[in-house]
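Overview (structure and organization)
The residues making up each chain are set out below.
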Amino acid sequence: MKKLKDESTDYSVQSAKFAKDAAELEIQITQTRNDREKLNREALEFSKQVELAKISRRNAELEIQRTMEMVAMKLNDSSIATPPPPPLPTTKK
């Protein structure tokens, strides 16, 4: 009878230890999942920032191109770009 009681006590102690270990592992799993989710959100935010920067750069390049075309058209239409007429040939008298 004493042997059964000792075994029962031993199994109860082991059971409590295993339950405590399982609870600690569950906490670690939850923490790891939260960390992974946080890293995923940060990665998505950084990807978003990169894409927004690419869009801004493209828009700036298009604006520069548009401005250059406008300046070229204005210069082409202005008197600065038009060469003066050639001098009249001189006639000998």
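Data block above holds the structure.
Residues numbered from 1 in each chain as written. Predicted model: local features only at pLDDT ≥ 70, side-chain atom pairs only at ≥ 80, totals over all residues. Heavy atoms only, no water.

**Structural notes on the overall build of the chain**
This is how it is decided: Only DSSP runs of H or I covering at least 4 residues are called helices, and only runs of E covering at least 2 are called strands; the numbering of each starts at the N terminus. Note that the radius of gyration is over C-alpha atoms, with the globule rule given as 2.2 Å times the number of residues to the power 0.38. Exposed residues in this analysis have more than 50% of their type's maximum accessible area, buried residues have under 20%, and partly exposed residues fall in between, with area computed by a 1.4 Å probe over protein chains only. Every accessible area reported is derived by Shrake-Rupley at a probe size of 1.4 Å, with residue values counting cover from the shown protein chains alone. For the charge count, each Lys or Arg is scored as positive and each Asp or Glu as negative, with His and the chain ends excluded. By convention, the point assigned to a charge is CZ for Arg, NZ for Lys, CD for Glu and CG for Asp.
Within the chain, the secondary structure is distributed over one helix and zero strands. In terms of C-alpha radius of gyration, the chain reaches 41 Å, well past the compact-globule figure of 12 Å for 93 residues. Expressed as lengths along the three principal axes of its C-alpha atoms, the size of the chain is roughly 150 × 15 × 10 Å. Taken over 93 residues, the chain has a buried fraction of 0%. For the chain, the computed accessible surface area is about 9300 Å², with 62% contributed by carbon and sulfur atoms. Put simply, the chain has 17 plus and 15 minus side-chain charges, and the middle of one group is 9 Å from the middle of the other.

**Some thoughts on the pattern of salt bridges**
Quick note on the threshold: We define a salt bridge as a contact between a side-chain nitrogen of Lys or Arg and a carboxyl oxygen of Asp or Glu at a distance within 4 Å.
Under the definition given, this model contains five salt bridges. The residue Asp21 makes a salt bridge to Lys17 at a minimum N-O spacing of 3.4 Å. Separated by four residues within a single helix, Asp21 and Lys17 lie in helix α1 (residues 2–77), roughly one turn from each other. Asp21 gets classed as partly exposed once you look at its relative accessible area, which sits at 28%. Between Lys54 and Glu51 there is a salt bridge, and its shortest N-O distance comes to 3.9 Å. In this pair, Lys54 and Glu51 both sit in helix α1, three residues apart, roughly one turn of the helix.

**Side note on the environment of Leu62**
Within the element layout of this structure, Leu62 appears in helix α1. Taking the C-alpha atoms as reference points, Leu62 and Lys3, 59 residues apart in sequence, are found 87 Å from one another.

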